[in-house]
Every structure is written in structure tokens, then in C-alpha cells.
Amino acid sequence: MLPLHESLFDLLIEIDQICQENDIQYFLAGGSALGALRNNCFLPWDDDIDLYITRDNWNKLRDLVEQKPEILPPYRTFVYKENTRYHRNPIVRYVKANTTVIYAAQAFSGMTCGQQLEFFILDPIPAEEAEKQAHLETQRAYLELLSPYFVVCKNMNVTEFKDHLARYERYYQEGRSRGVETVLKELAEKVETYDDALCDTYCLRWGIRTLLHKKEYYQGSRKILLEGREFPVAPQLEKALRVDYGDSWMYIPSGAGQITHNPIVENLDRPFKDYTDIYLPKIDRESLIEEYTKNKHTNMELYCTRREIEMEEAKLRSIIAEHDFRKTLEPQKEELKELLEQEDYRALNRMLAKYTSLQMSKNFRRYGVRINLDPEIIYIAIMSWIRQGLYYRASGLMNLQKDSEGNLPEGLLVCQEMIEMCRAFSVAIYDNDDPETVEALLEQYKDNAEAEKVIDYHRAYLWSLQKKADCFAVWKKIFDYSTAACERYPFDGELLEYLAVSTIRVGWLPRGREIYKKAADKTRNGFVWKRCKKVTGYDRMARE
């Protein structure tokens, strides 16, 4: 472990002991849970630990710490909105005060400036749809008022945001007349005290996102290893991760996907008060928070205007792109069709890169701006990704082709069917470990000519075979099938893993180990990396 991770790990062990000794349930979550599940270790770039806790369990932990502060080790403190005036945030933080990790967004509170664990609270919300929406709307307005530093609900479309702004404006004006703390307390009572027994869904805030998890995910717990020690996770962790990270949660991100928080000061050997005692006395925090609040109010009013400008800019870019692609890409349609038929995905990716990159860029997706191309080219772009095992990317591109009522052009319905098939395989394999469902899907699509061209179909077939492999004949069948599949899809490390395992099982151990290492190098599937390390000792994660 890196020194940063060793220090965080000490904090996690402390919390785990306190919770175990006092019958308090919490769950390892976020990047920490991903690292534990996929590789039993910290993600190399991860610089914090995320925990989930239900509202009832948090209340129990809070009451324990307030009644028995001596239960905490020296230089430890809990920081939450009720006990720290300038911590205007729904996230609870367990802080190591004899370290310094100061982020720009937390420097103002002066209390969350050390290394920390973050507790995200799972709040029960109503089950009935109309009540649920009303509850969420109130919660979002509350969180917007709670944080004076930035616009919280950035992921809304302009129409939704205008309604959100009206609610925020009402509470903002009430805060001006009756006091912000009074209004916040009343709103907190509304959104944080719903009866857990009446709910079937938990809601939590994670950055600017609202995440809704089924309550059933958290009934009980199970243990998984992180850096050689077991910690509790949600019993249906895989389903929770699909909510938090999407359908590609099993893949380790690269580049910009490796999110770090970039502190402005970091010193694990020095108490943060050595820094905060210097700058906080020079700041009139009461005046500043008033100015922050006014500035936030102005930004809220300007938000829709800024978004509308962004949307118009994206529309203009799409018009220019359409003109460009009609001259450069559409004349290549027949060549693209031939490449798809030949399964030359490297060439397809290269030729379609400019279109897919622009069409999937942030503002094009946020505002639903579609680049109108020849429908056959759009089909080729989507189907190419599906066949390569990238159905989750294809799904995003597909959503942009829907009309105002959510309908797709008829020519893309086969793409939609293949996306649904791939997702069903993924859920059955990764979330449920369900061979019966996988076999039923394989049977359903065995005569489907399009399914036969999709890499996820072949991965699922090999997974199904491997689950029941109990003799040399079955392993030889896996070896033969994976050999042919790898010749067809030489770029895919997941298929190569089946070849590696079957090669070992039929008796060619050294050769199989070398294939396994190549498999790990050709995929970012964290489970392949984990199994490769166990079998060969090759630690692909160490290269990150």
C-alpha cells in the first residue's frame, strides 16, 4: 500500500471496530468497494474512502459519539452539518486531525482539512411515485439551499431546472426573512425523517447526482477483502455498483476516468490546525458566507441562460458537423458497410472516431443534440460498438436517436434488441451469478444471425460452459471454442482469458500462464486482472 492508503486504512479499521462493537451497520462503497470487489486492494489513484450508512444507523452512530466522545481515538473527530456551522454539506466526514489534506471546497469550514472517510447517508423516501417525486424535489431544494458554495443540481435539463429554481427561490426568500438556519432545519425534518419501514428505495447524494438504490440491496451484509482484511459491503453490492457507475462498473477506468481530488495542501505528518490557525483568523466567515450565498443565488438565476447558450452552441456545432460529415463520411458508406461485414473494427473505429467523439461529447449528450447523418452510417456506428462488447457505449449513442416520445427509427430496432441482450447477459453474470438465465438467453438467441456476431454472446457461452466444466472433455470444448473466438476477436482479453484457463486445464500450464498475462494486457476488466494475478502472479494493477 502507498503511505496515503495505509493512513486511510487505519481510519477504516477504527470505524469498523467502533461499528462492530456497537452493532452499527455500515457498508464499504464507491471506489473503495470497487477496488475491494475487483482486486481486493485500493485503486492506485484513489485518495479517499467512501462508506454508505442508513439514516437510522447514522443516527445511532452520531448519538454514540456525542454521548461518549472518548470512544474515538486521539486526534479523531466526526464532522457533520449539525455540529459544524460552516460544514454546509450532507456528507458526514470522519477526520484524522493530526494530518493535513486541504481541498479548496473544504478549506472554509476549517474542520474537514485532514485525511478523512466520507459517509454517504441512505435516506428512505416514499414508495408511491407522486410522493416520491415531491419528496425528491424538496430534498434537492434543501440541498441547494444548504450549500452556498456551488450549484448542486447541475445534471438537470433546462426545463427541470426552471422548476427547481422556483422552489429554491421560495426557500431562499424565506431564509432571508426568517433565517436560513430555521428554514434548513424545517426542510431537514421533512427529507431526513421518513419512516424506513414504509420505503422500498433509498436515496443518497453523491456530488451532483441523485442516486436511488433499492432497499433490498442493503438487507443484511456480506464481507469482502480489502488489503487483507474483511469489511462489510451491501449483500447485493454488484447491483448497487451498476446504479452508481453504470453497466461498465466491472471495467477499470483509464486516463480522465481515474478521478482524484487534488488537494491544495497535503501533509500526512502535520496537524491541519497548523494551517487553519494561520488563515482562518484572517477571514470574516460570517460576512463571507453571506457573500457566498448571494453569489450562489445569482448563479442559480443565470444557470438557465448559460445552459441555453451551451445548447445553442452545441446545435450550431452539429449543423457544421453535419455539413462536414456529408462531404467526408457519407461518401464512404459502402466502405463502412463492407468493413462491418468483414468485422474490421479497428478500421471502423478509426473512420468513425470523429463522429462518435463529437456525438458523445458532454454537451451533445446533455442537451440531446443529434448529428443527423445517413441512418445506415448511424446503424454501423452503433452496431460496431455492440459487436465489440461495448454495448454500454452503444446505448448512449442509441438514446440520442430517439424522438420526443422515446421511439427509435425502425432500422435501429435490431440494435436495441442486441443492447438488451448484452445487458441481460451482463446482469446475469456479474450481478446475479445466474447460469440458468444465461443458458436461457443463449437458447433464445442461438439461431439469431445478428447475435452470433456479438462478442458478448460468445463470452456468455464460454462463461456458461466454464460454470459446469467438470471433466477434460468440457475443458477441451472450451479450449476449441475460445481458440476460434480469439482468432475472430484478437483484441479481446476476456475471450483470451477463457483460452488461458482452458489451456491450463488441458495440461499446458506454462503456455496457459503466458496467455493469461496477454489477456490481462488486452482488457481493463478488473476481475480478469484479479484472476490473472492469482494464477500467474502477474499484477496488472501495479502498472496503473
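Note: the structure precedes this text.
Residues numbered from 1 in each chain as written. Predicted model: local features only at pLDDT ≥ 70, side-chain atom pairs only at ≥ 80, totals over all residues. Heavy atoms only, no water.

J.: I'm lost on the overall build of the protein chain in this one. Help?
T.: Helix and strand counts for the protein chain stand at 21 helices and 11 strands. Expected size for 544 residues packed as a compact globule is a radius of gyration near 24 Å; at 26 Å, the protein chain falls within 12% of this value. Each principal axis of the C-alpha distribution contributes one length, and for the protein chain these read about 70 × 55 × 45 Å. Here the protein chain holds 544 residues, and 51% of them are scored as buried. At a minimum sequence separation of 6, the contacts of the protein chain that also span at least 24 residues come to 67%. Carbon and sulfur atoms provide 50% of the accessible area of the protein chain, an area that totals close to 25,400 Å². Computing the positive centroid from 76 side-chain charges and the negative centroid from 88, the protein chain places the two 3 Å apart. (Helix = DSSP H or I, 4+ residues; strand = E, 2+ residues; numbered from the N terminus. Rg over C-alpha atoms; globule rule 2.2 N^0.38 Å. Buried < 20%, exposed > 50% of the residue type's maximum accessible area, 1.4 Å probe, protein only. Contact = heavy atoms within 4.5 Å. Areas by Shrake-Rupley, 256 points an atom, 1.4 Å probe, with all protein chains shown as cover. Lys, Arg positive; Asp, Glu negative; His and termini not counted. Charge placed at Lys NZ, Arg CZ, Asp CG, Glu CD.)

J.: When you look at unusual backbone geometry in this model, what are you seeing that I'm missing?
T.: Excluding glycine, a negative phi dihedral is what most residues carry, and trans is how most peptide bonds are arranged. One non-glycine residue with positive phi stands out, namely Asn-40, at about 60°. Structurally, Asn-40 is set in the loop between helix 2 (30-39) and strand 2 (49-54). Asn-40 gets classed as partly exposed once you look at its relative accessible area, which sits at 25%. For Glu-227, which is not glycine, the phi dihedral falls at a positive 50°.

J.: How do you make sense of empty space enclosed by the protein when you look at a structure like this?
T.: Any empty space left between atoms is shown by rolling a water-sized probe over those atoms. All chains considered together, the criterion is met by 3 cavities of 30 Å³ or more. Approximately 150 Å³ is the volume found for the largest cavity. Considering the residues around the largest cavity, the lining is formed by 15 residues, among which Arg-55, Pro-90, Ile-121, Asp-123 and Arg-205 are closest to the centre. Listed by contribution, the elements that provide at least two residues to the lining of the largest cavity are strand 6 (115-125), helix 4 (129-146) and strand 7 (201-206). Tallied by class, residues from the lining of the largest cavity come to 10 nonpolar, 1 polar and 4 charged. The calculated volume of the second largest cavity comes to roughly 50 Å³. (1 Å grid on protein atoms, 1.4 Å probe; cavity = no way out; pocket = protein on both sides within 12 Å on 5 of 7 lines; lining within 4 Å. Points joined across faces, edges and corners; volume = space filled by probe spheres on them. Nonpolar A, V, L, I, M, F, W, Y, C, P; charged D, E, K, R; others polar.)

J.: Help me understand the environment of Ala-381, please; the structure alone is not making it clear to me.
T.: Along the polypeptide, Ala-381 turns up in helix 13 (residues 375-387). Overall, Ala-381 belongs to the buried group, its relative accessible area being 2%. Distance in space between the C-alpha atoms of Ala-381 and Leu-336 is 9.1 Å, their sequence separation being 45 residues.

J.: So what exactly am I meant to see when it comes to a positive patch on the surface here?
T.: Taken together, the side chains of Arg-346, Arg-350, Lys-518 and Lys-522 present a region of like positive charge at the surface. As for its placement among the helices and strands, Lys-518 is situated in helix 20 (residues 509-521). For Lys-518, a relative accessible area of 53% translates into the label exposed. (Patch = residues over 30% accessible without salt bridge, like charges linked within 9 Å, V, L, I, M, F, W, Y side chains within 5 Å. Salt bridge = Lys/Arg side-chain N within 4 Å of Asp/Glu carboxyl O.)

J.: Any chance you could explain the packing of aromatic side chains here in plain terms?
T.: Aromatic ring pairs are defined here through the distance separating the ring centres and the angle between the ring planes. Here the structure, examined in full by the defined rule, presents 28 aromatic pairs. Here the aromatic rings of Trp-249 and Tyr-430 are separated by 6.2 Å at their centres, their planes lie at 80°, and the arrangement is edge-to-face. Of the two residues, Trp-249 is situated in the loop between helix 7 (237-245) and strand 11 (265-267) and Tyr-430 in helix 15 (residues 413-431); the sequence distance between them amounts to 181 residues. Plain terms: the ring middles of Tyr-430 and Phe-527 are 5.9 Å apart, the flat faces sit at 35° to each other, and that makes the pair tilted. (Phe/Tyr/Trp six-rings, centres within 6.5 Å; stacked < 30°, edge-to-face > 60°.)

J.: So what exactly am I meant to see when it comes to helix 10 (residues 333-342) here?
T.: Helical periodicity: at 3.6 residues per turn, an α-helix aligns residues three or four positions apart in one direction. Those residues of helix 10 that sit buried are Lys-333, Leu-336, Leu-339 and Leu-340. One side of helix 10 holds all its buried residues, which, seen down the axis, span an arc of 120°. In helix 10, the exposed positions that point more than 90 degrees away from the buried face belong to Glu-334 and Glu-341. Buried residues belonging to helix 10 abut helix 11 (345-359) and helix 13. Of the residues one or two after helix 10, Glu-343 is the one with positive phi, at around 60°. (Arc of directions from axis to C-beta.)

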